[in-house]
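What follows is the residue order along each chain.
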Amino acid sequence: MTKVLPYQAKNKIRIVTATSLFDGHDAAINIIRRILQSSGAEVIHLGHNRSVQEIVDCAIQEDVQAIAITSYQGGHMEFFKYMYDLLKEKNSGHIKIFGGGGGTILPHEIEELHKYGIAKIYSPDDGRKMGLQGMINHLLENCDFTTVDTKIKLPDNLNTASWNELAKLVTYFENTGAESPLLKVLHEKQRDKIIPVLGITGTGGAGKSSLVDEFVRRFLQDFTDKSIAIICVDPSKRKTGGALLGDRIRMNSIHNPRVYMRSLATREANVALSSHVQDSIKVCKAAGFDLIIVETSGIGQSDTGITEHSDVTLYVMTSEYGAATQLEKIDMLDFADVVAINKFDKKGSADALRDVRKQYKRNHELWETPDEELPIYGTTASRFNDPGMNLLYKSVIGIIEKKTKTVFGNTLKYETSSARHTIIPADRVRYLSEIAEEHEKYQKFVEEQSAIARKLYQIKGTIEHLKEEKLIVSLQEEYNTLQHLLHPENKKIIEEWDNIQNKYSQATLRYEVRGKELEGKIKFESLSHLSIPKISLPKYKDWGDILKWTLTENVPGSFPFAAGVFPLKRNEEDPTRMFAGEGGPERTNKRFHYVSFGQKAKRLSTAFDSVTLYGEDPATRPDIYGKIGNSGVSVATLDDAKKLYSGFNLCDPSISVSMTINGPAPIVLAFFLNVAIDQQCEIYIKQNGLEAQVKKHLAGSSSLYNEELPKGNDGLGLMLLGLTGDQVLPAETYAKIKSETLSKV
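The following refers to the structure shown. Note that the structure is predicted; figures quoted are calculated from it, not measured.

## With respect to the packing of helix H2 (residues 52-62) against helix H6 (residues 163-176)
When two helices pack together, you describe them by how their axes are tilted relative to each other and by the distance separating the axes. Where H2 meets H6, the axes come as close as 7 Å, and the angle between the chain directions of the two elements is 40 degrees. The angle between H2 and H6 falls in the class oblique. Where H2 approaches H6, its residues Asp57, Ile60 and Gln61 are matched on the opposing element by Trp163, Asn164 and Ala167. The residue inventory of the contact of H2 with H6, partitioned by class, reads 3 nonpolar, 2 polar and 1 charged.

Take a look at the structure:
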């Protein structure tokens, strides 16, 4: 097969990549953006679950030639069309849109999107014909045009909201160099403005982008009338010229009209900053931003380039710097105004804080300064409202005010306790590895004990066949020695094996569940009138085999519960999964009643749409609207859940519900439990003739089951639509019903 070479572009191509809103299928876009990078493109990657507004704002701020999106979760027609319309509305119709979604985007839909104005939707057939590199080459060739406006002028009304103009100016300086006459005009416009520049630098992987995001979030909350510009630099690949500009992946607070962000590639090897950073800073100052943040790419020990471009510098590091002597080699500890030891929840961070403080004191000769007064903070930027991050933010704002004479006047109160709060304690961060290790230990224990049991069985058998007294005595001694090595519980398993076999050879089995004694048949008659056991034990004689099987498989209801947690399943119930989830709750409820009609046991399995899975509300905005009820049911309110499970008494032991859910699981579980409670309230109301009381409370309520009740739905759960039981019944009655329901459901 002939190797397809990457397309050689005439212009620098910048592309935004992402997956569509409520879509976590990012494997394809990650492959695409890697090939784009290796083909020489500068890729601004947003990751998964990105709205049209976020993508379009990013594309405008970054002044890209194209947007590349994957959409595997449905709603693609609305998503792509809305993106095209929004780009045109924001005077950025020159930005081309490319997309793909495997087989989820049908041929006639692709044709419709192409006619609408989408540059190209790649289909599986395109992949087969062109190959991955061929598709990338096609995309790059269609984007190979310049976005540099050589006749650009500095607008008189340039301000922080002029994203198009700001983006074009940064692109102009990035591509034309320092000889441009426009630089003089720019210098004049921002000469008298005192706008502080905060430089943030540090080692690669220290979490600089997450820290910037948390800083920006606090700044926007603290100053509701101030704006901020962010310039992030990432390295270009020396071999291909491509770059991953990935800082936006970690930034969730920047989607705000008061924030402008621009990603720059170094376009040189072995440097941490683009040579056009200063020009970009001047552009942002001319626009009148209140604060400018410059974040470098990951730096080495001797790199201090950020100090030439900033008024205040923040050095971000982690505890993983090696021996304490390595701190003596870090130049930024001489120049940084503030130091953040990020990822402070990791083991060894407290020791790192102590060592960095010592080194900082040596470098700055602050021998008498108490440790607590040094501008060195332990932060965990990935954690919400991190106290260390709060301390860092207050310190940085204070230093900026002191050094630049800028008055921000922050008044926001934050928790600044030095106590370390962690979801997973530092000594348990390996908990998954510990589970795996325990499993391996157990497997080793099983093998060792099985080997001992096997030898004991073999020796016992040999003794039974021997007649020579001396040999018997010798083997008996070996037997006794080995017997001491066999765990007492395992010895008991071997001794009880005959009883277990006898127990499961009977017609019925007696067992206990939650203190209740039950009896069930363990044999059934086939169509050929054969007696078939429900549980068939192995016909092992060797003690090693018996022990290994018992310790790794065993009968149902016994450790290690490989065959289930209960000794027997309910009689007369087929293991049926009644799966449904499409459209609104009424449609899925109808499907539930259809698949469970006439069944003694109803095992409902619920699939939710991506809007629900991401914990968002339905909306008429096109990129959300297209996803509602797609590949799952839309449930956003308690009333939706009541309609979904109406006609099914959730307290009935023969009815169970499983739900495929992730992030909003606690909320959906709360919906489910409240549905069950209100169903029992409804039963109580009907039994006690309190319907008239409910009607009074329902006056003006517009919540209805919007379709005809399906066959099998008796309407249970619909009486209290728009209400909850506690609004109708006395508090004592409601509390009793609630308690009884929760004990059952």
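Having put the structure on the table, let's press on.
## A closer look at the sheet that holds strand S18 (residues 578-580)
Spatially, the 3 strands line up as an open sheet ordered S18-S19-S20, and their pairing is parallel. Looking along the sheet, the strands with just one partner apiece sit at the ends: S18 and strand S20 (655-660). The average angle at which neighbouring strand axes cross in this sheet is 20 degrees, direction not considered. Relative to S20, strand S19 (residues 602-607) is paired through 6 bridges, and the arrangement is parallel. Along S20, the bridge assignment pairs Thr606 with Met659. Of the strands in this sheet, S18 and S19 are in contact with helix H17 (residues 585-596), which crosses S18 at around 160 degrees.

## Observations concerning the sheet that holds strand S8 (residues 243-245)
The parallel open sheet is built from 6 strands, whose spatial order is S5-S4-S3-S1-S2-S8. In this open sheet, the two strands that pair with only one neighbour each are strand S5 (120-122) and S8. Strand after strand, the sheet turns through a mean of 20 degrees between neighbouring axes, direction not considered. One ladder, built from 3 bridges, connects strand S4 (residues 96-100) with S5; its direction is parallel. In the sheet register, Phe98 faces S5, and the bridge partner there is Lys120. Sheet strands in contact with H2 are strand S1 (14-19), strand S2 (42-45) and strand S3 (66-70), and its direction is about 165 degrees off that of S1. Each of S1, S3, S4 and S5 is contacted by helix H5 (residues 124-143), which is oriented at about 155 degrees to S5, the strand it contacts most.

## Some words on the pairing of S1
Within S1, 6 of the 6 residues are buried, leaving the element largely enclosed by the surrounding structure. Of the two faces of S1, the one lined by Arg14, Val16 and Ala18 and the one lined by Ile15, Thr17 and Thr19 are each fully buried. Following the backbone out of S1, through helix H1 (residues 27-38) and into the adjacent parallel S2, one traces a crossover that is right-handed.

## What about the side chain of Asp222?
Considering the arrangement of structural elements, one finds Asp222 in helix H8 (residues 208-222). Among buried Asp, Glu, Lys and Arg side chains, Asp222 stands out as unpaired, with Lys394 the closest opposite charge at 8.4 Å. At 2.8 Å, the side chain of Asp222 and the side chain of Tyr393 are in polar contact.

## Some thoughts on the packing of aromatic side chains
Throughout the structure, instances matching the rule amount to 18 aromatic pairs. Residues Phe219 and Phe223 carry aromatic rings whose centres are separated by 5.0 Å and whose planes lie at 65 degrees to one another, so their mutual orientation is edge-to-face. Overall, the relative accessible area of 0% leaves Phe219 in the buried class. On the accessibility criterion, Phe223 (3% relative accessible area) is buried. Chaining the aromatic ring pairs together yields one cluster made of Tyr442, Phe445, Phe559 and Phe561.

## Concerning the pattern of salt bridges
Applying the stated rule across the entire model yields 33 salt bridges. For Arg454, the salt bridge is made with Asp542, and the minimal N-O distance between the two is 3.6 Å. With Arg454 in helix H13 (residues 431-465) and Asp542 in the loop between strand S17 (531-533) and helix H16 (543-552), this pair connects stretches of sequence that are 88 residues apart. According to the relative accessible area criterion, Arg454 is partly exposed, its value standing at 26%. Here Glu519 ties to Arg510 by a salt bridge, and the two come within 3.5 Å at their closest N and O atoms. Among the residues examined, Glu519 registers a relative accessible area of 44% and is labelled partly exposed. Salt bridges linked by common partners bring Arg14, Glu42, Glu62, Glu174, Arg248, Arg262 and Arg267 together as one network.

## Re the state of the cysteines
For the structure on display, the rule yields 0 disulfides. There is no disulfide at Cys58, and the cysteine sulfur nearest it, in Cys232, is 11 Å away. Here Cys284 stays free of any disulfide, with the sulfur of Cys232 as its closest cysteine sulfur at 11 Å.

Rules used in this analysis
Each chain carries its own residue numbering, running from 1 in the direction its sequence is written. Local features are withheld for residues below a pLDDT of 70 in this predicted model, meaning they are given only at 70 or higher, and side-chain atom pairs are given and counted only at 80 or more; totals for whole chains, interfaces and linings count all residues. Side-chain calculation: all heavy atoms of the structure are included, whereas hydrogens and water are not. Note on geometry: axes are C-alpha line fits, over the in-contact stretch for helices, and angles between N-to-C directions span 0 to 180 degrees. Only DSSP runs of H or I covering at least 4 residues are called helices, and only runs of E covering at least 2 are called strands; the numbering of each starts at the N terminus. Between 65 and 115 degrees an angle is taken as roughly perpendicular, under 35 as roughly parallel, over 145 as roughly antiparallel, and anywhere else as oblique. For this analysis, residues touch if any pair of their heavy atoms sits within 4.5 Å. By the convention adopted, Pro, Cys, Tyr, Trp, Phe, Met, Ile, Leu, Val and Ala count as nonpolar, Lys, Arg, Asp and Glu as charged, and the other residues, Gly among them, as polar. Here, any two strands with at least 2 DSSP bridges between them count as paired. Relative accessible area decides the class of each residue, using a 1.4 Å probe on protein chains only: under 20% of the type maximum gives buried, over 50% gives exposed, and in between gives partly exposed. With strands facing away from the observer, any crossover in which the path from the first strand over the helix to the second runs clockwise is taken as right-handed. For the purpose of charge, His is not counted, nor are the chain termini; Lys and Arg are scored as positive and Asp and Glu as negative. Whenever a carboxyl oxygen of Asp or Glu lies within 4 Å of a side-chain nitrogen of Lys or Arg, that contact is scored as a salt bridge. As used in this structure description, the phrase polar contact means that two N or O atoms lie within 3.5 Å; if the pair is within protein, one of them must be able to donate a hydrogen and the other to accept it, and residues adjacent in sequence are counted only when both atoms belong to side chains. Stacked, tilted and edge-to-face pairs are distinguished by plane angle, under 30 degrees for stacked and over 60 for edge-to-face with tilted covering the rest, among Phe, Tyr and Trp rings (Trp via its six-membered ring) whose centres lie within 6.5 Å. Only a pair of cysteine sulfur atoms within 2.5 Å counts as a disulfide in this structure description.

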